[in-house]
Each structure stands twice: as structure tokens, then as C-alpha cells.
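If you want the building blocks of each chain, they are given just below.
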Amino acid sequence: MNNEIQTTENITAQKPVKSGSGKLSIVLMLIMSAMLVALVVMLAISMKNNKENDKRIDELSATVNSVSETANGMGKNITEMNEKLVNVSEFVDKFSQKMGAEFGPTTEDDVTIGMEYEIVSTKELSDAYLAGDWSQLTEEQQKTIEMADAVIKDVIKEGMTDYEKEKAIYDWIHANVSVDDGITVAIPTTGNYCDNPYGVLTTRKAVCVGFATTFRLFMQMLDIDCMVVHDTYLSHSWNLVKLGEGWYHVDNYMDNGSTKYVNFNMTDAMCAMGHEWDTEFFPAATATEYSYIAMNSVDFTTLEAFAKDLREIVEGEETVQRAYKITSDDMLTIAQQLEIIAGEVESCVSGSEISMLGYFTYGTVSMDEDCLYYGVSFEYYMDGGEFGDDFIGDITDEQMQDAMDVVEDQFGDFFEKHEEVEGDYGDMDDMWELF
Amino acid sequence: MNSVFKRILCVMLAGATACTMLASCSDDKSSSDKPESSSVAQTKTVEMSQLKDAMLKADDTVPTMLTASSEDENGEQLFAYLADYDYANVDEYFFCYAAEGTADEIAVIKLKDSASSNDCLKAVKEHVATRSKQYETYDPDQVPRCSKAIVFSNDVYVVLVISDKNDLVKDAFYNAFK
């Protein structure tokens, strides 16, 4: 048995001392330390990046909010713009100032209306006609004079006054020339020559410029002073005619159709209800001697007399147009009462067999500071009114009754289900009793 | 300390360090610094014919419409009926208008440069004002429709809408670019 007593020296001797592994440990420890330092640095950088990212996120959020606010603002702006566009007149006023500045002072001729139709002087033609020799004119001009002369020979009678001549030409145009409907199309589809006398007399179709220049040619050929008027927006034209010492507005275009004489020989006040123009350039029209409405109106007396008139008109078998002149201080109130009465009459007409025979219309025709003209019109189909015999077929009493029976069947209980409305303008029963 | 244990510990720490380094890295380039653009022109390119069809379809009450456009041989001449504006600045346009002469109009003008859009916008507004005045004389029922016209610009586009469903047609314009 070998019992080895281990002494310190022995123990020490038995412990191998390996110098290489120690160094390796130190190196590894240094590497680890460096890695830990790097780790700390990386963590620090990461925290900084996170802060920067948070900052960027905050900035992006702010930008998104800003964009949202901008979009909301845009939506609000569009709403406001829509609201502003409702008040076109303010913009139109500014536009008209621009137009005036751009297009210079007003002239009668060499003006383009509606970007398409040019007002051209025809004085050369009328001067040649009055001189009795138009052989020097162009072929088209000669044909124009020949067509116009044929009309003059047809409608103008010996001894006619200037007013009667004017009215005869107006009546002929109203009966023989119709509106070329393409004028309101954004890119007009009107035919060629619709804006000058040659085309109008050839095709019997016209736009406003055609009506105005043709009417002026006729007046000048009859040696009656006449001008073509246009509005400041260059969108419409009509005429001014001199009769006696006064000028009068005539708009053949606006009267085309069933509204005959409404725009015939108007004063400035009457014309201004539906037109505007350069009053500094064109002569004033303040005379009433040849104003058609003034000449053909009756003085308003009482509501009873007015209603009695309407009964006679709608039961009469002829076309009637009548204007009532109201001059009292409360003419506007009276006009409203006439409107109510006429409205009830219209209901009676449209709800009865009379609607088969004629067409009833009514309304304020014109007004100035001194008086108001209230007009009524009953167009009787059978005497060659707007539609004439061609529009009405033969109808028996039985057939007419069949139509009325259908109305009774469908509308007999109408006022049981729908309450009649009474306004605060007076007792409707009293108004009804007038008629 | 056992040397093997030390080595294992070192490897673990190194691995942990590596993982931490990887985790702490972030791609700072993934976030967009550009704000959202509200310009339709920068969103998507749309053919004018597609835009026209989409806007016309948006209002089923629109009447029979005629169209003038930059594709027409006399497109420049027809453009004058829409706007008193220098055609040299116009890239493309279409102008749809009612065949029967009512106020219905749908038009889009694409400019070559958005810098002149204000002048074009003003010219289109003047067109609306002129039509309104014309209708006062010839067809007063159309005047209120003109007063509700929508006229706006977006980048290189100037748009006019006069219809009974203005907002739907306007929305159709913006939706076409989405």
C-alpha cells in the first residue's frame, strides 16, 4: 500500500499550470467586455432611433392631420364657392364692366351677339331702294330688296300713317317668321343666314339679330327712323323705332309665338322689365302716344267690372287681348287681386269644355312709377289663333262628354281629399262671387 | 470557474450580444417622409374619354348631349364656345352640352401647366355668366340652373358642371382618379 502524503509542494506540483489557456481566457474576457460595451452602445443608439422614429411618427401624424384639414378646407371652399355662385349677378356685373372695357364704346352695327350673330348695317340697301335704283348692289342685296319690296306692296296701303305701316310690318313678321331654336344651344345650331334680312326673308327663320335687322330694313325702306339695339352683355338685340317725336322699343323675337304686342312699342320703363341696354348711347323712349299697351288699354275701375269682363272674354268666340291700366297709389295691391281673380278664371276654363275652345293667360304686362298695366288674353282656337283649325279636329258632343266624364270619374272627389287653400289676401268667397 | 463553463458562458453572451445587435437595428428608411398629395393628377392618369363617360353616367337625368373636344378637327374653334382662353395652354378638353339648348353642360379642360389654371377657371366662370344672361332673354327657366353651376380647378384640370345632380358628377370626376 502506497499512502502518498500530499504536501503543499506536492499538491502544488500536482496542479498543472497551463499558461496558454489563461491567456485565452483573458482574450475572451476582453472580447466579451468589448461586446458588452458594444451592446450597451447599440441599445443606446436603438433608444435614440426609437425617439427619432417617434418624432418622425409625430411629424407624419401632424402632416396627415394637416392634409385632412386641407381636404376639409377644400370641401368647405367648394361649398362656399357653390354658395357664391348662386349670386351670379355680382359676378355678372364685374364681367360686364370687363366686357365694356374690352369691347370699347357702344355702337349700333358691327356688333356680334351671342358670339355668333353679327349686326350689319343695311342702310346701303334702303338708300338704294328709296333712290329707286338698286341695280348697283350685289346680287344677294338685290334679291333682299325684291323680297322686302314684295312684302311692302302686300301689306302697306295708301294713306297709312307711320304707326300703321310699322304695325303692318310687325304683324307680317309675327305671322310669317319663326324663331330658329338653335340659338340657346351652347354651340349654336342655327342655320346660315338666320341673322340677316336675306336669310330671314328666304328661310322665314330668324334669331334675334335676324328679326331686328330685318325689321330695321323694312322701316328704313318705309323712311321711318329705326335702330337695332343690343344689350351690354351682347346676348340679345331688338329695335327702337321713331314715331312722331318719340322713340319706342319693339322686340319681334320676344313676341314670336302667342305673346303678340306684349313687346310692341314699349317705353323705356316697359322695356326695362325684360331688357337692359346702354341708355347713354341709345335714345330715350319716354313717349306713350304710340305705346301699344297705352293705346289699347282700358282704365281699371272695380274688381267686379274686371271679373265681368273676364266672363265675357272666355265665353266669347273670338281672340281677345286686353290691358287694364291701374294708376292708383295701391296699384301693386290691386294687381295682386287681379292675379287672384284671373287665376280662378283660368281654373274654371281649364276645368271645363272651354279649354277645348281656347287658351286663357294673364299677368302684369308692364309697370312704371306712374301706372301698371295688367293684361289678359284669350286665344280662341277657331278664329285662326296660334293653332288655328289645323290643330282642332272634328269632335262630337258625345266625344266631348266622354272626355268630361273621365275627368269627373278621376277628379270628382279631388277637393274632398285635398283641402282648398285660402290666403290672407281676402275672402275667397267674395272673390268667387265676383265671377 | 470551470474553463468549459467559461467558454460556454462566453458563447452564450456572444450569441445574446449578436441577437441584441440584430434586434436593435431598425430600417430607418421604411417610413415615408412625403406627405399625402391631394392632387388628382399625381394620383393616376385617366383618359379624357373615360372621364367624360364616367361624369355623364353619374347623372341619369341629363338630356341628350352633344360633345365638342380637342379630338375634333375644329376643336380649337369649338373651344371658344366654352372659354375665352388661350388654346395654346390647353392639353386636352371635352365639352358636353345639351342638344336641345337647355343649360346642362359638363366640361373638363386639361391644361399643359397648372400655373395658368386660375385664368382658365375665370374664363369658364365668364362663360357661365354669359349663358345665364342669354337665358334671361331666351329661356328664363334655365337661369336658376346656371346659378347652381359648379366650376372648380384641381392641379391641371378645370371642371364645369351644370346638371340636376351637380355633386354626383363632381364626385364622378374625383372617383375616376382613384
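Residues numbered from 1 in each chain as written. Chains lettered and ligands numbered in written order. Predicted model: local features only at pLDDT ≥ 70, side-chain atom pairs only at ≥ 80, totals over all residues. Heavy atoms only, no water.

1. Some points on the overall build of chain B
Which entries qualify depends on this criterion: Only runs of H or I of at least four residues qualify as helices and only runs of E of at least two qualify as strands under DSSP, and these elements are numbered from the N terminus. For every residue, the accessible area obtained with a 1.4 Å probe (protein chains only) is divided by the maximum for its type, and the residue is called buried under 20%, exposed over 50%, and partly exposed between those limits. By definition, residues are in contact when any of their heavy atoms lie within 4.5 Å. With residues, only the protein chains shown are counted as cover, and all accessible areas are computed by Shrake-Rupley using a 1.4 Å probe.
When its secondary structure is counted, chain B shows six helices and five strands. Reading chain B from its N end, one meets helices and strands in the order α-α-β-α-β-β-α-α-β-β-α. The 178 residues of chain B split such that 45% are buried. Summarising the internal contacts of chain B: among those between residues at least 6 apart in sequence, 63% fall at separations of at least 24. Split by element, the accessible area of chain B, about 9200 Å² in all, is 50% carbon and sulfur.

2. What about the side chain of B:Ser116?
Secondary-structure assignment places B:Ser116 in the loop between β3 (105-111) and α4 (117-138). With residues up to four places along the chain from it excluded, the contact list for B:Ser116 reads B:Tyr85, B:Asn89 and B:Leu111.

3. What to know about the sheet that holds strand β6 (residues 237-243) of chain A
Note: strands within a sheet are paired through backbone hydrogen bonds, in either parallel or antiparallel orientation. Residue and element names in this part refer to chain A. The following threshold applies: Following DSSP output, two strands are said to pair if at least two bridges run between them. Between N-to-C directions, angles span 0 to 180 degrees; the directions come from axes that are lines fitted to C-alpha atoms, helices contributing only their stretch in contact.
Taking strand neighbours across the sheet as the criterion, the three strands line up as β5-β6-β7 in an open arrangement whose pairing is antiparallel. Pairing within the sheet leaves two strands with one partner each, and these edge strands are β5 (226-230) and β7 (246-250). When strand polarity is set aside, the average angle formed by the axes of neighbouring strands in this sheet is 30°. Relative to β6, β5 runs antiparallel, the two sharing five bridges. Bridge assignment links His230 to a residue of β6, and that residue is Ser237. Packed on one face of the sheet, helix α8 (residues 208-221) meets β5, β6 and β7 and runs near 20° to β6.

4. What about the confidence of the model for chain A?
Residue and element names in this part refer to chain A. As a reminder, the rule being used: Every residue carries a pLDDT, the predictor's confidence in it, which falls somewhere between 0 and 100.
Summary statistics for chain A give a mean pLDDT of 79 and a share of 76% for residues scoring 70 or more. Taken as a whole, residues 97-102 scores under 50 in pLDDT and shows four contacts with residues more than four places along the chain or in a different chain. Scored below 50 in pLDDT, residues 423-435 makes 17 contacts in the model with residues more than four places away or belonging to other chains.

5. Considerations on the nonpolar core
Worth spelling out the cut-off: Side-chain atoms within 4.5 Å are what join buried Ala, Val, Leu, Ile, Met, Phe, Trp, Tyr and Cys residues into a set we call a nonpolar core.
Core analysis: the largest hydrophobic core is formed by 51 residues, its most contacted members being A:Ile169, A:Trp172, A:Ile173, A:Phe215, A:Phe218, A:Met219 and A:Val241. In terms of residues, this core owes the most to one element, α8(A), which gives nine residues. In this structure, A:Met219 is in contact with A:Glu166, A:Ile169, A:Ile224, A:Cys226 and A:Val241, ignoring residues within four places of it in sequence. One finds B:Ala83, B:Tyr97, B:Ala107 and B:Val158 within the second-largest nonpolar core, a separate group that totals 31 residues.

6. Description of the packing of aromatic side chains
All names here are of chain B. What counts, and what does not: Geometry of aromatic contacts follows a simple scheme: Phe, Tyr and Trp rings, the Trp one being its six-membered ring, pair when their centres are within 6.5 Å, and the pair is stacked under 30 degrees between planes, edge-to-face over 60, tilted otherwise.
On inspection of all chains with the given rule, the structure shows 27 aromatic pairs over all chains. Seen in terms of ring centroids, Phe79 and Tyr93 are 5.0 Å apart; in terms of plane orientation they differ by 70°. Their pairing is edge-to-face. One end of the pair, Phe79, is in helix α3 (residues 75-79); the other, Tyr93, is in strand β2 (residues 90-98), with 14 residues separating them in the sequence. Just as Phe79 is buried, Tyr93 falls in that class too.

7. Observations regarding the packing of helix α4 (residues 123-131) of chain A against α8(A)
Residue and element names in this part refer to chain A. Definition in use: Throughout, the term roughly parallel applies to angles under 35 degrees, roughly antiparallel to angles over 145, roughly perpendicular to angles from 65 to 115, and oblique to all others. Handedness of each helix crossing follows the sense of rotation of the near helix against the far helix: counterclockwise by less than a right angle gives left-handed, clockwise gives right-handed.
Where α4 contacts α8, the two axes come as close as 9 Å, and the packing angle between them is 25°. With respect to their mutual orientation, α4 and α8 come out roughly parallel. In this structure, α4 crosses over α8, and the sense of that crossing is right-handed. Contact residues: α4 offers Lys123, Leu125, Ser126, Tyr129 and Leu130, while α8 offers Leu217, Gln220 and Met221.

8. A short note on unusual backbone geometry
Residues and elements named next belong to chain A. Although it is not a glycine, Asp110 adopts a positive phi angle of roughly 60°. For Asp110, the position within the fold is in the loop between α3 (88-103) and β1 (111-113). Of the residues examined, Asp110 reaches a relative accessible area of 60% and is grouped as exposed. Unlike most non-glycine residues, Asn265 shows phi in positive territory, near 55°.

9. Comments concerning a nonpolar patch on the surface
Residues and elements named next belong to chain A. This is how it is decided: By definition, no residue in a patch forms a salt bridge, and every one has over 30% relative accessible area; like charges are joined within 9 Å, nonpolar side chains (Val, Leu, Ile, Met, Phe, Trp, Tyr) within 5 Å. A pairing counts as a salt bridge when a side-chain nitrogen of Lys or Arg comes within 4 Å of a carboxyl oxygen of Asp or Glu.
On the surface, Val407, Phe411, Phe414 and Phe415 cluster together to form a nonpolar patch covering roughly 410 Å² of accessible area. Contributing elements (two or more residues each) for the nonpolar patch: α14 (397-411) and α15 (414-417). Among the secondary structure elements, Phe415 is positioned in helix α15. Phe415 gets classed as exposed once you look at its relative accessible area, which sits at 57%.

10. A word on α4(A)
Residues and elements named next belong to chain A. Worth spelling out the cut-off: The directions from the helix axis to the C-beta atoms are what the arc is built from.
Among all positions in α4, only Leu125, Ser126, Ala128 and Tyr129 are buried. Angularly, the buried residues of α4 cover 160° about the axis, an arc narrow enough to put them on a single face. Opposite the buried face of α4, at more than 90 degrees from it, the exposed residues are Glu124 and Ala131. Looking at the packing, one finds that the buried side of α4 touches α5 (139-155) and α8. Two residues or fewer past α4, Gly132 is found with a positive phi of approximately 85°.

11. A short note on the pattern of salt bridges
Think of it this way: side chains of opposite charge can pair up when their charged atoms draw near. Scanning the model with the defined rule gives 15 salt bridges over all chains in all. Note that A:Asp171 and A:Lys260 form a salt bridge whose closest N and O atoms lie 3.6 Å from each other. With A:Asp171 in helix α6 (residues 162-176) and A:Lys260 in the loop between β7 and α9 (268-271), this residue pair connects regions lying 89 residues apart in the sequence. We note a salt bridge from B:Asp60 to B:Lys165, for which the minimum N-O separation is 2.8 Å.

12. With respect to the pairing of β7(A)
Residues and elements named next belong to chain A. For β7, the buried fraction is high: five of the five residues fall into the buried class. Along β7, one buried face is formed by Gly246, Tyr248 and Val250 and the opposite face, lined by Trp247 and His249, is buried too. Bridge count for β6 against β7 is five bridges, and the pairing is antiparallel. Residue pairing for β7: Lys242 is matched across the bridge by Trp247. Taking the residues that link successive antiparallel strands as the turn, the β6-β7 hairpin has two residues, and the phi of Gly244 there is positive, at about 65°.

13. Re the side chain of A:Asn239
Residue and element names in this part refer to chain A. Condition: Counted as a polar contact is a pair of N or O atoms within 3.5 Å, where, for protein atoms, one must be capable of donating a hydrogen and the other of accepting one, and residues adjacent in sequence contribute only when both atoms are in side chains.
Following the sequence through the fold, Asn239 ends up in strand β6. A distance of 2.9 Å separates a polar side-chain atom of Asn239 from the backbone oxygen of Ala212. Engagement of the side chain of Asn239 in a polar contact is seen with the backbone oxygen of Met227, the distance being 3.3 Å. The contacts of Asn239, once residues within four sequence positions are left out, are Phe211, Ala212, Phe215, Arg216, Cys226, Met227, Val228, Val229, Tyr248, His249, Val250 and Asn252.

14. Regarding the environment of B:Leu82
Along the polypeptide, B:Leu82 turns up in the loop between α3 and β2. By relative accessible area, B:Leu82 is classed as buried at 1%.

15. Comments concerning α8(A)
As a reminder of what qualifies: In a helix, the anticipated span is given by 1.5 Å times the number of residues less one.
Helix length check: α8(A) (14 residues) gives 20 Å between terminal C-alpha atoms against 20 Å at 1.5 Å per residue, within 8%. Positive backbone phi, at 60°, marks A:Asp223, one or two positions downstream of α8(A).

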